[in-house]
Amino acid sequence: ATFLKRQLHVLKLLRHISEPITDPELHAKKQSGDPANHLNKFNDPKAVRHFVNLVRKGSLLSRDTVFSLFNPKHREQMVALFEVLYSAVDYDTFFNTAVWARDRMNPRQFLYSFSVALLHRPDCRGLTLPPAYEITPHMFLTTDVVREAYKAKMTRQPVLIPMKFTGSVNNPEQRVAYFGEDIGMNSHHAHWHMDFPFWWKPHYQHNHSKDRKGELFFYMHHQMVARFDAERLSNNLPVVQPLEWNRKIVEGFAPGAMYDNGQEFPMRPDNIGFQDLPWLTVQDMLMYEGRIRDAITAGFVRAYDGNYVSLNNTEGINVLGEIVESSAHSVNPAFYGQLHNDGHVMLSKVTDPKLRYGLPPGVMEHFETATRDPAFFRLHKHVDNLFKMHKDFLPPYQTHELLFPEVTVEAVKVIGVCKASIPNHLITYFDESHIDLGNAVYTTGQREQVDIKAVVSRLNHEPFKYVITVNSKKAVHGVARIFLSPKYNWFGQKIPLHVARWGMIELDRFPVKLEAGDNVITRNSEDSIVTIPEPRSFPHLINYVERAINGEEEYVVDKYHRHCGFPHRLLLPKGKPEGMTYRIYVIITDYNKDIITSDWKPEDIENLSSLGYCGVLEGKIPDARPMGFPFDRRITSEEEFFTQNMKVVDVTIPNVKENR
Ligand code: CUO
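Please read these numbers as outputs of a predicted model, since none were measured by experiment.

### Points about the sheet that holds strand E1 (residues 159-163)
Moving on, step 1. Pairing is mixed in the open sheet, where three strands are placed in the order E1-E8-E7. Two strands close off the open sheet at either side, each with one partner strand: E1 and strand E7 (428-436). Across the sheet, the mean angle separating the axes of adjacent strands is 35° when strand polarity is ignored.
Moving on, step 2. For E1 and strand E8 (residues 452-461), the ladder comprises five bridges, and the chain directions are parallel.

The structure is reproduced here in structure tokens:
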């Protein structure tokens, strides 16, 4: 009952976030929440004094300004509140302080602090945040939808507003807008960065570690880029080209979206180049990158204390990831800069680099909106190539690292679970999702609320299962790793494995128990550890919790619940109407060599959600293999690479319904 009450209050706190709190229960908490009155309730009273000071001095960001995590001043204020919320000794202190702070702060700045604190406090495990696209719908929708929503509010007519993807057919990039603008993917991306903030300070780790955060930064974005490339091929577009600091950004972008305060997101015309900003030049970017490339080539980096840190081992990718992102865990931010973060800022401000025209930040400056811009994938392809350069310096895996001698994968098949499915034929299609716009058009004092929703067309697929036939010499415990890659490139040539391996899309990874002799493993696509199911919509969630409080509905608290995770709908790339050929790779490795069990019980490992791209929030990631194994290293000989515990099968992905 306490849990449900807490859950309801969290939802109410985030409802209509840009308006002052009206809910009477929350109002009462707001009065008693001033943290200065009970400093003893915080592990870090200094943080409380600092934040309260900011509030009293009136130096916080105004409610109407666009909050940007990349703006140091905005971020420091956000972190100031986070440190207060995170250091509260008990749940009530945490929550009451949040209620007190909510109306005193910029709404999105508050939302960020509050969300990150909630996601990391052990006493908040299992609490659900509403979908990001319904807390701040402006960040996910286009201007025409928002306008229609206001109109509907005036006329008090419930409506369903269709949202089109931005751009026109004159822009080939528009063909993949369904991917970059997918609300689930943007929400995943925003949540990934809340689970692994670049500003996360090492000293927070006394109570909370961030295992392999730098490697995860590489791997999650590597997967996003690989998936984007597969979507491009599905739409007859060549794979994405990396941006270069001293070349033109060929594709422009018009977001057609507006902030809550009415300002339009700036657009970027075609063919403009990177510009010097008052505090950072293009030359700086080249210099920092040069140092990073030198370090990769040398095989070690220079830490700020003068020590050398080797990259030539399995931890190297983590060190490099922290440097490139750049995170507060970088071994030497002064020397290596913050290449990737600055790339976001440079793109965001490219049309007003001298800050002359007072434009708000571009989409690249928010993790909720960044992937709408095709330049996002170009930037990340560039960054991904740095990681590839490092990985390519490591020796290819040797047979003893790949082989599971007891195990032979005899056959692999994928089959749709709908009636009359053809084996190795996976169907994708477009269908509709509804987004509640209640938070976009709410105004205090309006008595009855009208039902206003946007409807977006989204990629989806028919559920399927993997059927893997395995022979084992004795009873063993294995880990099945499943990947997908396009078979042909844009020119129609077969992609050789040594090239295809860098574009592998991870579909699933799970433990398997094998008996001596023949085994048939089946696994449902829905169980994938890279995806999460569709979240409940905001109003449904409130309704559901209220009904549960009244005993009308059962509510199961899921302590494994994650907000980070690729949307399950996008598990498979779109394919082509006539069918597109992909290859599915299955490898079974030795559980006892791969899995670190110290932090986890076997049942935990089976239940951990979205482990693939989102790691874990606490403790060690159970799979000790490098992310992307065995495709993260060079493959010099296909024959030697293909050990008996691997198998590949061709699958066809037809896309049956285009209603974009
Ligand atoms: Cu996720 Cu660049 O790191 O957007």
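Having put the structure on the table, let's press on.
### A few points about the UniProt feature "domain: Tyrosinase copper-binding" (unreviewed entry) in the protein chain
Moving on, step 1. UniProt feature "domain: Tyrosinase copper-binding" (unreviewed entry): in the numbering of this structure it lies at residues 373-384.
Moving on, step 2. Measuring from the first to the last C-alpha atom of residues 373-384 gives 17 Å, for a span that is 92% helix and 0% strand.

### Some details on the domain arrangement of the protein chain
Moving on, step 1. Splitting the protein chain by domain gives domain 1 (2-126), domain 2 (172-393) and domain 3 (399-653).
Moving on, step 2. For domain 2 and domain 3, the distance between their C-alpha centres works out to 25 Å.
Moving on, step 3. Contact residues are listed per partner, giving 32 residues for domain 2 and 39 residues for domain 3.
Moving on, step 4. Within the residue set of the side of domain 2 that touches domain 3, elements represented by two or more residues are helix H10 (183-195), helix H11 (213-234) and helix H16 (374-393).
Moving on, step 5. Ranked by residue count, the leading element in the side of domain 2 that touches domain 3 is H11, at 13 residues.

### A short note on the packing of helix H4 (residues 72-87) against helix H5 (residues 91-102)
Moving on, step 1. Two elements in contact, H4 and H5, have axes whose closest approach is 8 Å; the angle formed by their N-to-C orientations is 155°. With respect to their mutual orientation, H4 and H5 come out roughly antiparallel. In terms of crossing hand, the pair formed by H4 and H5 is right-handed. Mapping the contact onto sequence places Leu81, Val84 and Leu85 in H4 and Phe94, Thr97, Ala98 and Ala101 in H5.
Moving on, step 2. Looking at the contact of H4 with H5, its residues break down into six nonpolar, one polar and no charged.

### Some points on H11
Moving on, step 1. The end-to-end C-alpha distance of H11, which contains 22 residues, comes to 31 Å, matching closely the 32 Å that a straight helix rising 1.5 Å per residue would cover.
Moving on, step 2. Most of H11 sits out of view: 22 of its 22 residues are buried.
Moving on, step 3. Just downstream of H11 lies Asn236, where phi reads positive at about 60°.

### Section: the environment of Ser234
Moving on, step 1. Examined against the element boundaries, Ser234 turns out to sit in helix H11.
Moving on, step 2. When the 24 C-beta atoms within 10 Å are taken as the criterion, Ser234 is described as buried.
Moving on, step 3. Along the chain, Ser234 and Thr581 lie 347 residues apart, while their C-alpha atoms are 9.8 Å from each other.
Moving on, step 4. Once residues lying within four places of it in the same chain are set aside, the contact partners of Ser234 are Pro573, Lys574, Gly575, Lys576 and Met580.

### Describing unusual backbone geometry
Moving on, step 1. Cis geometry is adopted by the peptide bond preceding Ser326, which originates at Glu325 and carries an omega value of -5°.
Moving on, step 2. Position of Ser326 among the secondary structure elements: in the loop between helix H13 (316-325) and helix H14 (333-336).
Moving on, step 3. Pro630 follows Phe629 through a cis peptide bond whose omega is 5°.
Moving on, step 4. By the element assignment, Pro630 lies in the loop between helix H22 (611-614) and helix H23 (638-641).
Moving on, step 5. In this structure, Asn236 takes a positive phi of about 60° despite not being glycine.
Moving on, step 6. As for its placement among the helices and strands, Asn236 is situated in the loop between H11 and strand E2 (248-249).
Moving on, step 7. Phi at Ala420 is positive, roughly 60°, even though this residue is not glycine.
Moving on, step 8. With respect to the helices and strands, the residue Ala420 is situated in the loop between strand E6 (407-416) and E7.
Moving on, step 9. The class for Ala420 is exposed, based on 5 C-beta atoms found within 10 Å.

### Some points on the nonpolar core
Moving on, step 1. Core analysis: the biggest nonpolar cluster contains 171 residues, and Leu81, Leu85, Ala149, Ile292, Ile584 and Val586 have the highest contact counts within it.
Moving on, step 2. With sequence-adjacent residues up to four places away left out, Leu81 is seen in contact with Phe51, Ala101, Met105, Phe110 and Ser113.

### Here we look at H13
Moving on, step 1. For H13, a buried count of ten out of ten residues is recorded, marking the element as mostly surrounded by other parts of the structure.
Moving on, step 2. Within H13 the residues assigned to the buried category are Gly316, Ile317, Asn318, Val319, Leu320, Gly321, Glu322, Ile323, Val324 and Glu325.

Rules behind the numbers
- Residues numbered from 1 in each chain as written.
- Predicted model: local features only at pLDDT ≥ 70, side-chain atom pairs only at ≥ 80, totals over all residues.
- Pairing = 2+ DSSP bridges.
- Helix = DSSP H or I, 4+ residues; strand = E, 2+ residues; numbered from the N terminus.
- Axes fitted to C-alpha atoms, helices over the stretch in contact; angles between N-to-C directions.
- UniProt positions renumbered as here; feature names shortened; annotations may be inferred.
- Domains from an automatic or database assignment.
- Contact = placed C-beta atoms within 7 Å.
- Parallel < 35°, antiparallel > 145°, perpendicular 65-115°, else oblique.
- Left-handed = near helix turned anticlockwise from the far one by under 90°.
- Nonpolar A, V, L, I, M, F, W, Y, C, P; charged D, E, K, R; others polar.
- Expected span 1.5 Å × (residues − 1).
- Buried ≥ 20, exposed ≤ 12 C-beta atoms within 10 Å, placed from the backbone.
- Core = buried A, V, L, I, M, F, W, Y, C linked by C-beta atoms within 7 Å.

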